[in-house]
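Below are the chains, spelled out letter by letter.
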Amino acid sequence: MRTASISRRTAETDVSVSIDLDGTGKATIATGVGFLDHMLELFARHGLFDVTIKVEGDLHVDQHHTTEDTGIALGQAVAQALGDKRGIARYADIHLPMDETLSRIAIDISGRPFLVFRTSFRVEKIGRFDTELVREFFQAFAMNAGITLHVETLYGENAHHIAESVFKGLARSLRKAVAIDPREDGRVPSTKGSL
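As the structure is a computational prediction, the values presented were derived from the model and not from experiment. (Residues numbered from 1 in each chain as written. Predicted model: local features only at pLDDT ≥ 70, side-chain atom pairs only at ≥ 80, totals over all residues. Heavy atoms only, no water.)

This brings us to the nonpolar core. Ranked by size, the top nonpolar core spans 57 residues in total, and within it Ile19, Phe138 and Leu149 carry the most contacts. A per-element tally of this core places helix 4 (residues 159-178) first, with 10 residues. Those residues in contact with leucine 149, other than ones at most four positions away along the chain, are Ile105, Ala106, Ile107, Phe114, Leu115, Val116, Phe138, Ala142 and Leu170. (Core = buried A, V, L, I, M, F, W, Y, C linked by side-chain atoms within 4.5 Å. Buried < 20%, exposed > 50% of the residue type's maximum accessible area, 1.4 Å probe, protein only. Helix = DSSP H or I, 4+ residues; strand = E, 2+ residues; numbered from the N terminus. Contact = heavy atoms within 4.5 Å.)

Listed below in structure tokens is the structure:
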């Protein structure tokens, strides 16, 4: 069972996350940030991960801590669920279209966290959600999942479509990278013998 549950409590947020990497895409999400909930529901559905997330955050300040801490806890849950990473595909990439937008996402479940984020938005907000928080989420997720993650929007106009394409792209590429490759025969996919 590749599952994990994480609880993370600070003076700013109280986050609980559970994930099943071999799920069906079922999502129960309640962060208090509507747009983030929508993106995380897309992440679960397109990754075929069963995800439950509940967050109580300092939304009277802004949405930054809630978004970042959700990324931290979800990344930690993915890392825990992967365990020693035996048998996984490890690498994956995808080009994800969303209407006029096209984004490219590439992942290496390397144990060496790194983010390259070449996505920008022409507007500062999608509804009440600060578009700069998309990068904050991806940064927090990559660092805590222990993955190398490259995100680039090749072109796009609509901010909602851009955000949706990178979240769906993350889900689809992660789904492929965490998949068990029967040819690995339970080995760790590295010449070093560990990730």
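According to the stated counting rule, one finds 8 aromatic pairs in the structure shown. Ring geometry for phenylalanine 35 and phenylalanine 129: centres 5.1 Å apart, planes at 40°, overall tilted. Pair noted here: phenylalanine 35 is in helix 1 (residues 34-47) and phenylalanine 129 is in strand 9 (residues 129-130), with a separation of 94 residues, a long-range link. Exposure remark for phenylalanine 129: the relative accessible area of 5% places this residue in the buried category. Taken together, a centroid distance of 6.2 Å and an interplanar angle of 10° make the contact between phenylalanine 137 and phenylalanine 141 stacked. Of this pair, phenylalanine 137 and phenylalanine 141 both sit in helix 3 (residues 132-145), 4 residues apart, which is roughly one turn of the helix. Here phenylalanine 137 and phenylalanine 141 have matching classes, each one buried. The structure contains a cluster of three or more aromatic residues connected by ring pairs, namely Phe43, Phe49, Phe117, Phe137, Phe138, Phe141 and Phe167. (Phe/Tyr/Trp six-rings, centres within 6.5 Å; stacked < 30°, edge-to-face > 60°.)

With that settled, consider the packing of helix 2 (residues 64-82) against helix 3. Following both chains from N to C, one finds helix 2 and helix 3 inclined at 30°, their axes separated by 7 Å at the closest point. On the basis of their axis angle, the class for helix 2 and helix 3 is roughly parallel. Every pair of crossing elements has a handedness; the one defined by helix 2 and helix 3 is right-handed. Facing helix 2, whose interface residues are His64, Thr67, Glu68, Thr70, Gly71, Ile72, Leu74, Gly75, Gln76, Val78 and Ala79, helix 3 presents Leu133, Glu136, Phe137, Ala140, Phe141, Asn144 and Ala145. (Axes fitted to C-alpha atoms, helices over the stretch in contact; angles between N-to-C directions. Parallel < 35°, antiparallel > 145°, perpendicular 65-115°, else oblique. Left-handed = near helix turned anticlockwise from the far one by under 90°.)

Bringing helix 1 into the picture now. A rise of 1.5 Å per residue sets the reference length of helix 1, with its 14 residues, at 20 Å; its end C-alpha atoms lie 20 Å apart and thus fit the reference within 8%. Every buried residue belonging to helix 1 is among Phe35, Leu36, Asp37, Met39, Leu40, Leu42, Phe43, Ala44 and Gly47, and all of these are buried. Phi turns positive one or two residues past the end of helix 1, at leucine 48, with a value near 55°. (Expected span 1.5 Å × (residues − 1).)

Right, let's talk about helix 3 for a bit. Over its 14 residues, helix 3 extends 20 Å from the first C-alpha to the last, a length consistent with the 20 Å expected when each residue adds 1.5 Å. Among the residues of helix 3, Leu133, Val134, Phe137, Phe138, Ala140, Phe141, Ala142 and Ala145 are the ones counted as buried. Taken together, the buried residues of helix 3 touch helix 1, helix 2, strand 7 (114-118), strand 9, strand 10 (148-155) and helix 4. Just downstream of helix 3, glycine 146 is the residue with a positive phi angle, here 75°.

Read from one edge to the other, the open sheet built from 4 strands follows the order 5-6-10-7, with strand pairing classed as mixed. Both outer strands of the open sheet, strand 5 (91-98) and strand 7, are each paired with one neighbouring strand and no more. Each strand axis lies, on average, 10° off the axis of its neighbour in the sheet, ignoring direction. The pairing of strand 7 with strand 10 spans 5 bridges and is classified as parallel. Among the inter-strand pairings, phenylalanine 114 is bridged to a residue of strand 10, identified as threonine 148. Here helix 3 sits on the sheet and contacts strand 7 and strand 10; the angle it forms with strand 7, its principal contact strand, is near 160°. Against the sheet, helix 4 makes contact with strand 5, strand 6 (101-108) and strand 10, and its axis sits at roughly 150° relative to strand 5, the strand it touches most. (Pairing = 2+ DSSP bridges.)

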